[in-house]
Amino acid sequence: MLSAVLHEPNHLELVTRDVPEPGPGDVLLKIEATTLCGTDIRILDGSKTAGVRPGVVPGHEIAGRIAAVGDGVVGYAVGQQATVSIVVSCNRCRACLNDREHLCADLALFGYGIDGGLAEYMLVPADVVAKGNLMTTSVEIPPTTLALSEPVSCCLNGFDQYAAGPGDTVVILGAGPIGLLHTQLAARMAGARQIIVSNRSAARREAALVCGATHTVDPSATDLAAFVRDATDGAGADVVVVCIGGLDLANVALDLAGIGGRVSYFAGFPKGSTAVMDPNLVHYKELVVTGGSNARRRDVRRAIAVLESGLIDAAPIVSHQFPLSDLFGAYDALKQRTGVKIAVLP
Ligand SMILES: [Zn+2]
Ligand SMILES: [Zn+2]
């Protein structure tokens, strides 16, 4: 089979290797689509190394189909469409026991430490199957849609914490795939009244409107703070979701929020960075500041459900497709921010 291998940072290779043979308890997936995200670039260029094993097959937004099951596997059948919850947690540590298995002290991730989806086949090891990370769909959906269960699950984890609700004004900073998914969640799950999406790219502002934004703003041309004030009769936003790791946005988000507002630093910021913030914005407005990193198995289960129901629409998100044989073309497109999201199809 054709498989990507990341030997070390900036040394990605496409190789031919044997299809993994499922041992007792293992399940073999035939990969049908793997979508790429910004983290894949950071894994490739070495700016993300934690948990990354030299020689790993990258790819953590995975859609496949069960091709074979090892001895003793129950509850899964050949032919079922499936994906994995990529966080394999210990289920024993403090985080795991506090409903935060995705922040486990001893976790392993598909596409980082465990071979991921940029190959024709992927083995789901027996211990991972036993932990319930392998999840099947209940209706057939396009593989490029199912692959989004990973980013959607992460967004649902953030969404639960910033708690957008009916009638809210939600401001979303950034309209990449993550910003567009939060836009869809705010529009379709929360029933927000106003969704204001800020992005410099006209194409991405256009995509935001398709995803349910009621207003879009080019922050290089329009005063975003004034825009939000006008749109809310001076009250400010109920929810602000930061989907770009720009340090200046840390305080911008606190400023845009109104009394009792919720601010999510959903994007990661550069490692070790610090930002200047006015803590009185949190104090006097009683803001709730949250984040979001990875997702639980139940978030993935719910992500599959919202993708199956059509509540979240993959069409405006997955804009480009590449064959696995053109892996480097796919990574180049990702680096050049071509379209919105890149899918790789074996
Ligand atoms: Zn990702
Ligand atoms: Zn744990």
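Because the structure is predicted, anything quoted here is derived from the model rather than measured.

Asker: Quick question: what am I supposed to make of the nonpolar core here?
Answerer: Side chains of nonpolar character tend, in soluble globular proteins, to be buried together. One finds Val152, Val170, Leu180 and Val241 to be the most contacted residues of the largest nonpolar core, which totals 45 residues. Broken down by secondary-structure element, the contributors of at least two residues to this core are α5 (149-162), β10 (169-173), α6 (177-190), β11 (194-198), α7 (202-210), β13 (237-242) and α11 (297-309). With 6 residues, α5 is the largest single contributor of residues to this core. In terms of domain composition, this core takes at least three residues from each of domain 1 (2-148 + 317-345) and domain 2 (154-290). When near neighbours in sequence (up to four residues on either side) are disregarded, Val170 contacts Ala164, Ala186, Ala192, Gln194, Ile195, Ile196, Val239 and Val241. Counting 42 residues, the second largest nonpolar core, distinct from the first, contains Ile31, Tyr76, Ala119 and Val124.

Asker: Please clarify how the sheet that holds strand β14 (residues 257-265) should be interpreted in this entry.
Answerer: Working definition: the strands of a sheet are paired by backbone hydrogen bonds and lie parallel or antiparallel to each other. On the basis of which strands lie adjacent, the open sheet formed by 6 strands has the order β12-β11-β10-β13-β14-β15 and parallel pairing. The open sheet is flanked by β12 (215-217) and β15 (288-290), the only strands paired with a single partner. Here the strands of the sheet are splayed against their neighbours by 15 degrees on average, with no regard to which way each runs. In terms of strand pairing, β10 meets β13 through 4 bridges, oriented parallel. Along β13, the bridge assignment pairs Ile172 with Val241.

Asker: In this structure, what is going on with the coordination of the zinc ion (ligand 2)? I would like to understand it.
Answerer: Reference values for angles at a metal are 109.5 degrees in the four-donor tetrahedral case and 90 or 180 degrees in the six-donor octahedral case. All of the protein donors around the zinc ion (ligand 2) are Cys90 (SG), Cys93 (SG), Cys96 (SG) and Cys104 (SG); their distances to the metal are 2.3 to 2.4 Å. Taken together, the 4 donor atoms coordinating the zinc ion (ligand 2) and their angles of 103 to 117 degrees define a geometry best described as tetrahedral. All donors of the zinc ion (ligand 2) come from a single chain, and their spacing in sequence reads C-x2-C-x2-C-x7-C. The two residues Cys96 and Cys104 agree in class, both being buried.

Asker: I'm lost on the coordination of the zinc ion (ligand 1) in this one. Help?
Answerer: For the zinc ion (ligand 1), the full set of protein donor atoms is Cys37 (SG), His60 (NE2) and Glu61 (OE), at a range of 2.1 to 2.5 Å. Within one chain, the residues serving as donors to the zinc ion (ligand 1) are arranged as C-x22-H-E. Highlighted residues: Cys37 in the loop between β3 (27-35) and α1 (38-45) and His60 in the loop between α1 and β4 (61-69), separated in sequence by 23 residues. When its relative accessible area of 2% is taken as the criterion, His60 is described as buried.

Asker: Sorry, what's going on with the environment of Gly113 here?
Answerer: Relative to the helices and strands, Gly113 is located in the loop between β7 (108-109) and β8 (121-124). Accessibility expressed as a relative area gives 23% for Gly113, which makes it partly exposed. When residues no more than four places from it in sequence are discounted, the contact partners of Gly113 are Gly51, Arg53 and Val56.

Asker: Honestly, the domain arrangement of the protein chain in this entry has me stumped. Any pointers?
Answerer: Accessible area lost upon the coming together of the parts serves often as the stated size of an interface. By the assigned domains, the protein chain splits into domain 1 (2-148 + 317-345) and domain 2 (154-290). In this complex, domain 1 contributes 7 residues to the contact, which on the side of domain 2 involves 9 residues. Between the two partners, domain 1 and domain 2, sit 0 salt bridges. At the junction of domain 1 and domain 2, the tally comes to 2 residue pairs in polar contact (both at pLDDT 80 or more). Here the residues of the side of domain 1 that touches domain 2 are counted per class, giving 2 nonpolar, 2 polar and 3 charged.

Thresholds, definitions, all that
Sequence order as written defines the numbering, with residues in each chain counted from 1. Ligands are numbered from 1 and chains lettered from A, in the order in which they are written. This being a predicted model, a pLDDT of at least 70 is required before a residue's local features are given, and a value of 80 or more before pairs of side-chain atoms are given or counted; all residues contribute to the totals for chains, interfaces and linings. Side-chain measures here rest on the full set of heavy atoms in the structure, leaving out hydrogens and waters. Each nonpolar core is a collection of buried residues, namely Ala, Val, Leu, Ile, Met, Phe, Trp, Tyr and Cys, held together in the definition by side-chain atoms within 4.5 Å. Burial classification: accessible surface area is computed with a 1.4 Å probe over protein chains only, and a residue below 20% of its type maximum counts as buried, one above 50% as exposed, and the rest as partly exposed. For the purposes of this entry, the term helix denotes a DSSP run of H or I that reaches at least four residues, the term strand denotes a run of E that reaches at least two, and both are numbered from the N terminus. Where each domain starts and ends follows an automatic or database-derived domain assignment. Every residue pair with non-hydrogen atoms within 4.5 Å of one another is taken to be in contact. At least two DSSP bridges between two strands are needed for those strands to be called paired. Only the contacting stretch of a helix is used when fitting its axis, a line to C-alpha atoms as for every element, and angles between N-to-C directions run 0 to 180 degrees. Metal donors: N, O and S atoms at distances within 2.8 Å, or within 3.2 Å for Na, K and Ca, with water omitted from the atom set so that some sites may seem incomplete. Under this scheme a four-donor centre is tetrahedral when all angles range from 85 to 135 degrees, a four-donor centre is square planar and a six-donor centre octahedral when opposite donors are above 155 degrees with the rest from 65 to 115, and any other centre is irregular. Salt bridge, as applied in this entry: a Lys or Arg side-chain nitrogen positioned within 4 Å of an Asp or Glu carboxyl oxygen. Polar contacts, as counted here, are pairs of nitrogen or oxygen atoms within 3.5 Å of one another; within protein the pair requires one atom able to donate a hydrogen and one able to accept it, and residues that are adjacent in sequence qualify only if both atoms are side-chain atoms. Polarity classes work like this: nonpolar for Ala, Val, Leu, Ile, Met, Phe, Trp, Tyr, Cys and Pro, charged for Asp, Glu, Lys and Arg, and polar for all others, with Gly in that last group.

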